[in-house]
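Fold and contact review
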Amino acid sequence: MEAKSHLFFLILLFNFVFLHANTLQTYIVQLHPHGVTRSSFASEFHWHLSFLEQTVSSEEDCSSRLIYSYRSAMEGFAALLSESELVSLQKLPDVIAIRPDRRLQIQTTYSYKFLGLNPTGEDAWHKSRFGRGTIIGVLDTGVWPESPSFNDQGMPPVPKKWRGICQEGQDFNSYNCNKKLIGARFFNIGHRVASTSTSSNTTREYLSPRDSQGHGTHTSSTAGGASVPMASVLGIGAGIARGMAPGAHIAVYKVCWFNGCYSSDILAAMDVAIRDGVDVLSLSLGGFSIPLFADSIAIGSFRAVEHGISVICAAGNYGPLQNSVTNEAPWIATIGASTLDRKFPAIVRLGNGQFLYGESMYPGNQFSNTIKELELVYVTGEDMASEFCFRGSLPRAKVRGKMVVCDRGVNDRAQKGQAVKESGGAAMILANTEINLEEDTVDVHVLPATSIGFEESVHLKAYIKSTRKPRARIIFGGTVIGKSRAPEVAQFSARGPSFTNPSILKPDIIAPGVNIIAAWPENLGPTGLPEDSRRVNFTVMSGTSMACPHVSGIAALIRSAHPRWSPAAVKSAIMTTADVTDHSGNPIMDGKKPAEVFAIGAGHVNPERAVNPGLIYDIKPEDYVTHLCTLGYTRSEIFIITQRNISCNELLQMNEGFSLNYPSISVIFKHGMTREMIKRRLTNVGSPNSIYSVEVTAPVGVKVRVKPRRLVFRHINQSLSYRVWLISRKTMVKERVRFAQGHLTWVHSQNNLSRVRSPLSVTWKYK
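Being a predicted model, the structure only gives us computed values, none of them experimental. (Residues numbered from 1 in each chain as written. Predicted model: local features only at pLDDT ≥ 70, side-chain atom pairs only at ≥ 80, totals over all residues. Heavy atoms only, no water.)

Thoughts on the sheet that holds strand β27 (residues 509-512)
Taken in spatial order, the 7 strands make up an open sheet running β7-β10-β6-β13-β15-β16-β27, and their pairing is parallel. The open sheet has two edge strands, β7 (181-186) and β27, and neither has a second partner. Across this sheet, the average inter-strand angle for adjacent strands is 25 degrees, counted without regard to direction. In terms of strand pairing, strand β16 (residues 333-338) meets β27 through 4 bridges, oriented parallel. From the neighbouring strand, I335 faces β27, where its bridge partner is I509. (Pairing = 2+ DSSP bridges. Helix = DSSP H or I, 4+ residues; strand = E, 2+ residues; numbered from the N terminus. Axes fitted to C-alpha atoms, helices over the stretch in contact; angles between N-to-C directions.)

Things to note about the packing of helix α17 (residues 621-630) against helix α18 (residues 635-642)
For the pair α17 and α18, interaxial distance at closest approach is 10 Å and the crossing angle is 150 degrees. Comparing the axis directions of α17 and α18 gives the class roughly antiparallel. Every pair of crossing elements has a handedness; the one defined by α17 and α18 is right-handed. Contact residues: α17 offers V625, L628 and C629, while α18 offers I638, I641 and T642. Here the residues of the contact of α17 with α18 sort into 5 nonpolar, 1 polar and no charged. (Parallel < 35°, antiparallel > 145°, perpendicular 65-115°, else oblique. Left-handed = near helix turned anticlockwise from the far one by under 90°. Contact = heavy atoms within 4.5 Å. Nonpolar A, V, L, I, M, F, W, Y, C, P; charged D, E, K, R; others polar.)

Quick look at the sheet that holds strand β40 (residues 755-764)
Strand order in the open sheet formed by 5 strands is β33-β40-β39-β35-β37, and the pairing between neighbours is mixed. At either end of the open sheet lies a strand with only one pairing partner, and these are β33 (665-669) and β37 (710-713). Shown here is a sheet whose adjacent strand axes are inclined to one another by a mean of 20 degrees, direction ignored. Of the strand pairs in this sheet, strand β39 (residues 739-748) and β40 are connected by 9 bridges, and their pairing is antiparallel. Within β40, the residue paired with T745 across the bridge is R757.

With respect to the confidence of the model for the protein chain
Chain-level statistics for the protein chain give a pLDDT mean of 88 and a share of 92% at 70 or above. For residues 1-22, every residue scores under 50 in pLDDT, and the model assigns this stretch 29 contacts once sequence neighbours within four places are set aside. Within the model, the stretch residues 197-202 combines pLDDT values under 50 with 3 contacts to residues more than four positions away or in other chains. (pLDDT = per-residue confidence, 0-100.)

Considering the UniProt feature "domain: Inhibitor I9" (unreviewed entry) in the protein chain
Per the UniProt annotation, the sites labelled "domain: Inhibitor I9" (unreviewed entry) are residues 26-106. The span residues 26-106 carries 22% helix and 33% strand; its end-to-end C-alpha distance comes to 21 Å. (UniProt positions renumbered as here; feature names shortened; annotations may be inferred.)

Structural notes on the environment of S721
You can see S721 is positioned in strand β38 (residues 719-728). On the basis of relative accessible area, S721 is assigned to the partly exposed category, the value being 49%. Considering only alpha carbons, one finds S721 and K707, 14 residues apart in sequence, at a separation of 9.0 Å. Those residues in contact with S721 that sit more than four places away from it in its chain are R680, R681, P708 and L711. (Buried < 20%, exposed > 50% of the residue type's maximum accessible area, 1.4 Å probe, protein only.)

Details of the nonpolar core
The biggest cluster of nonpolar side chains holds 112 residues, and the ones touching the most others in it are Y253, I266, L281, L283, W331 and I574. Look past the residues within four positions of I574 in its chain and what remains in contact with it is I509, V551, I554, A555, I558, V605 and A610. (Core = buried A, V, L, I, M, F, W, Y, C linked by side-chain atoms within 4.5 Å.)

Quick look at the pattern of salt bridges
Proximity of charged atoms lets side chains of opposite charge pair with each other. Scanning all chains against the criterion turns up 26 salt bridges. Here R185 ties to D276 by a salt bridge, and the two come within 2.9 Å at their closest N and O atoms. A residue pair is termed long-range when its members are at least 10 positions apart, and R185 in strand β7 and D276 in helix α8 (residues 263-276) qualify at 91 residues. The same class applies to R185 as to D276, namely buried. Ionic pairing is found between R275 and D271, a salt bridge with its closest N-O pair at 2.9 Å. Separated by 4 residues within a single helix, R275 and D271 lie in helix α8, roughly one turn from each other. Overall, R275 belongs to the partly exposed group, its relative accessible area being 24%. On the basis of relative accessibility, which here comes to 2%, the residue D271 falls in the buried class. Residues joined by salt bridges that share partners form a network here, namely R303, E306, E622 and R644. (Salt bridge = Lys/Arg side-chain N within 4 Å of Asp/Glu carboxyl O.)

Examining the packing of aromatic side chains
On inspection of all chains with the given rule, the structure shows 15 aromatic pairs. Considering the side-chain rings of W331 and Y624, the 5.5 Å spacing of their centres and the 75 degrees angle between planes classify their relative orientation as edge-to-face. Linking W331 in the loop between β15 (310-314) and β16 with Y624 in helix α17, this pair joins segments that are 293 residues apart in sequence. Neither residue differs from the other here; W331 and Y624 are each classed as buried. Taken together, W47, F51 and F77 form an aromatic cluster joined through their ring pairs. Residue placement shows R210 over the ring face of W144; its charged tip is 4.5 Å from the ring centre. (Phe/Tyr/Trp six-rings, centres within 6.5 Å; stacked < 30°, edge-to-face > 60°. Lys NZ or Arg CZ within 6 Å of the ring centre and 35° of its normal.)

What to know about unusual backbone geometry
Among all residues except glycine, the phi angle is most often negative; among peptide bonds, the trans geometry is most common. The linkage connecting G496 with the following residue, P497, adopts the cis geometry, with an omega of 0 degrees. You can see P497 is positioned in the loop between β26 (480-481) and β27. K707 connects to P708 through a cis peptide bond whose omega is -10 degrees. Of note, P708 is situated in the loop between β36 (702-707) and β37. Its identity as a non-glycine residue notwithstanding, N323 has a phi of 60 degrees, on the positive side. Inspection of the secondary structure assignment puts N323 in the loop between β15 and β16. Taking relative accessible area as the criterion, N323 reaches 30% and is therefore assigned partly exposed. A positive phi angle, near 60 degrees, is found at C389, a position not held by glycine. With relative accessibility at 0%, the residue C389 sits in the buried group.

Some words on α18
Structural remark: α-helix, 3.6 residues per turn; residues separated by three or four positions point the same way. Summarising burial for α18: 6 of the 8 residues are buried, a large majority. Every buried residue belonging to α18 is among E637, I638, F639, I640, I641 and T642, and all of these are buried. In this structure, the buried residues of α18 make contact with β1 (25-31), β4 (95-100), α9 (296-306), α17 and α19 (648-654). Backbone geometry just downstream of α18 places Q643 in the positive-phi region, at approximately 60 degrees.

Considerations on the pairing of strand β6 (residues 135-140)
The buried fraction of β6 amounts to 6 of the 6 residues, a majority that puts the element mostly inside the structure. Alternating residues of β6 divide into I135, G137 and L139 and I136, V138 and D140, and every residue in both groups is buried. The pairing of β6 with strand β10 (residues 249-254) spans 6 bridges and is parallel. In the strand pairing of β10, I135 is matched with H249. Bridge analysis of β6 against strand β13 (residues 280-283) gives 4 bridges, and the strand direction is parallel. Following the sheet pairing, I136 is matched in β13 by V280.

Dropping the structure here:
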């Protein structure tokens with residue numbers, strides 16, 4: 001009955017919006033949480049509605065304009081408004097901010113082993129009881145509940161604190177939830193009112209928590225999926241699939257639809273998730289960097305952190321561009337992507353005997369097959385940009401029965417293979433361009449295909465030009481583990497420094513995000529293309545979207561092992577125990593050079609060490625408020641973000657020389673500055689009577705002094721402070737150096753393995 005009434009409401013709303021499509025837009029209206037007009041109304045809903053009653057024409061039903069009513073992630077509502085109504089609403093008392101709705105985008109059988117998690121050893125899984133008792137809330141495209149990754153065999157009862165529901169809807173009933181998938185909701189009104197035109201998308205969209213795109217099923221199972229034996233993608237990458245926290249409970253909030261993820265829907269989901277009782281919020285979505293007071297995710301996540309919820313977000317996929325990192329609020333854990341040492345070789349043998357390395361998850365790979373030698377063709381010079389292999393751009397007469405070279409970029413990688421297949425092509429080589437360099441993301445192509453790096457593509461195209469009848473074959477080499485250098489930074493992973501807040505180093509950390517195998521809906525082929533009739537329970541995906549749930553699951557492990565820890569303590573444990581070397585002991589690489597802190601943050605996540613970090617840097621919500629004052633945010637902007645009415649002058653006078661107690665240290669020397677002092681405070685969460693000494697690798701051109709150089713902790717939960725002076729050498733300014741990095745590590749005197757490491761980032765800014 002609930003689903004039918006919800007559907008009826010949406011139909012009425014859709015018809016209303018369609019009639020007003022040219023004049024109305026969705027806005028998020030933020031109200032004062034202790035507004036003077038609040039006491040006159042019986043509920044928040046009626047209070048919120050009163051603002052529309054004062055703004056909208058009396059001839060209309062105001063409730064038809066109200067999309068969402070928020071009270072936990074923010075005090076306020078989302079509504080449809082015209083420009084004139086917007087102006088009128090801004091003048092009303094208790095209205096503190098109005099923002100237009102913003103569209104964002106969605107950004108395993110082996111990765112747990114790669115990270116050192118072992119179901120039979122005395123490791124982080126056992127110390128944390130596999131994440132039992134924690135609840136991971138995932139905001140994404142929904143879930144396919146029948147996936148074996150959401151089987152609840154062996155799961156403990158649903159936690160008593162859980163207050164969520166299993167919302168019924170299209171092809172989704174309450175019995176689809178269980179002790180693993182304990183809750184599911186969907187939020188689509190913001191998407192509906194913004195998507196009034198008929199979509200060209202042919203994928204079925206469920207008006208329910210059910211996933212029709214696969215992304216949410218994939219991320220949810222990565223974070224907390226159950227153990228699934230003999231998992232593979234059509235026989236490739238076979239093994240036991242497990243999420244990072246296989247004992248944790250999962251709650252799904254569907255906020256992303258065919259046209260993206262709208263901030264009004266995201267905020268509504270966060271609003272409900274806070275009340276539902278989740279421990280971790282995982283958001284594999286984002287957009288471009290905007291000021292925190294205009295960012296609904298930043299605002300909603302601050303309220304979540306106030307309620308003790310860890311918020312983990314994807315850093316974005318716009319790397320390797322500088323300043324491309326998103327979701328960079330200091331109370332959010334921002335996650336970049338790294339590679340695994342698992343490869344799926346599919347090597348090209350050219351007619352001249354030359355070999356080009358490529359990778360593919362085309363099903364022929366499992367049999368170590370070699371396809372027969374075919375004529376090569378690279379179609380260029382057409383008006384339809386045929387080199388990118390758009391559908392309908394490849395002349396059948398030129399490609400039929402041949403191996404077609406397609407440049408990467410513009411359209412989806414798997415779609416290129418479908419275009420080749422529809423035009424009669426027999427195989428495909430997907431060639432990276434200079435933008436993608438040697439990035440090696442793979443796909444489960446619909447025809448024999450492989451993907452090659454940029455250097456190989458240069459050799460390939462030179463060969464094609466060198467002969468009248470170029471020929472090639474693809475040699476599939478199966479699944480290979482442990483033979484390649486890893487982890488490395490994913491080429492696409494967004495880079496810092498933060499555009500809006502460079503004083504905080506972002507991303508915070510990197511985690512596996514390339515060629516991740518995880519759960520997949522049974523109504524989709526492994527490519528996600530409507531034409532792909534193959535059916536699988538698992539598929540491969542790449543992105544910071546895949547890295548984010550790895551850390552969400554690890555955060556759940558830490559919360560299970562240390563249920564009283566704050567979100568800042570959980571993040572500190574993850575950051576200060578991160579690896580900066582790969583599995584061979586060499587520096588983590590970013591392409592052909594060692595990775596900088598703007599690519600990896602504190603380093604690569606290490607769950608085994610994160611569960612027992614020794615020391616942590618803790619941060620209280622009020623510390624973030626003081627930090628916003630140091631950044632120059634105005635009183636009204638800080639109120640929008642935090643709903644705290646403060647005086648920055650008073651706060652900064654009370655906290656002279658304030659430094660946010662962040663696990664990483666970032667200093668900016670503006671023109672004329674040569675010295676900066678940073679304060680930090682460490683809390684002992686290890687053993688009593690622990691002594692730590694400091695080790696410093698100073699950034700080039702910077703002198704670093706630390707006082708004291710030794711910290712003696714007599715008790716557990718004791719906190720001690722230290723100061724760091726960073727002094728720039730004059731030569732750095734003369735030579736116009738812009739960046740240098742180092743690190744500061746506190747080492748346990750009796751246990752050299754207990755190392756609490758903070759990256760040091762120094763930037764010089766000149767006029």
